[in-house]
Amino acid sequence: MAQAVKHGCDHVFFVGFLGAGKSTLARNLGRMFHRRFVDTDRLVERRCGSTVARVFEELGEDRFRELETAVLEGLRSERSLLASCGGGVVETPRNIELMHEMGYCVYLDGDLDDSLRQIRRSDTRPDFRSAEHAARLLEHRRPLYRQAADLTVDIRGTSFTDVSYTVAELLLERGLI
């Protein structure tokens, strides 16, 4: 099957709520298929020399979203990346456009309980203020994730290893990896 390349890029972007396992999945698939993986939050941190939490605190969410978009735009010059995106990447419509222009978007759809189990340090998660706030945020973002998704994978009650194998199989079937 021919590889699905959009405008010369063939990235696979992973989106979903915090704690969904996007970074773990990108890293696991990168190792399986010898492809480079990146984390957009880490790229923002490198770009501004500060943590995501500190950028939110000192510069605000709007500035963070601008930096996030700039990081995504910078991925145009790269090839065949597996990119874990921050949970709020879908808050900016331009980011959804960029992901669709540059590749394929996989939404890891899970429950809030799954996310809460994975969050070890809430102080590093600027979107996490309380379980109630996280629930509202998830409900707000769920339609945005669905809008962004070329493929949705239900991760409820599934291990990171099982999700990695399932996503690998689905991407192979589509000629994306």
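Residues numbered from 1 in each chain as written. Predicted model: local features only at pLDDT ≥ 70, side-chain atom pairs only at ≥ 80, totals over all residues. Heavy atoms only, no water.

Caption draft 1: Geometry of the sheet that holds strand β3 (residues 82–84). Strand order in the open sheet formed by five strands is β2-β3-β1-β4-β5, with parallel pairing between adjacent strands. Two strands lie at the open edges of the sheet, namely β2 (37–39) and β5 (151–154), each paired on one side alone. On average, each strand axis in the sheet is tilted by 20° relative to the strand beside it, whichever way the strands run. Here strand β1 (residues 11–16) pairs with strand β4 (residues 103–109) via six bridges, running parallel. (Pairing = 2+ DSSP bridges. Helix = DSSP H or I, 4+ residues; strand = E, 2+ residues; numbered from the N terminus. Axes fitted to C-alpha atoms, helices over the stretch in contact; angles between N-to-C directions.)

Caption draft 2: Molecular detail of unusual backbone geometry. Positive phi, close to 55°, is recorded for His 34, a residue that is not glycine. Its location among the elements puts His 34 in the loop between α1 (22–33) and β2. Of the residues examined, His 34 reaches a relative accessible area of 74% and is grouped as exposed. In this structure, Ser 80 takes a positive phi of about 60° despite not being glycine. (Buried < 20%, exposed > 50% of the residue type's maximum accessible area, 1.4 Å probe, protein only.)

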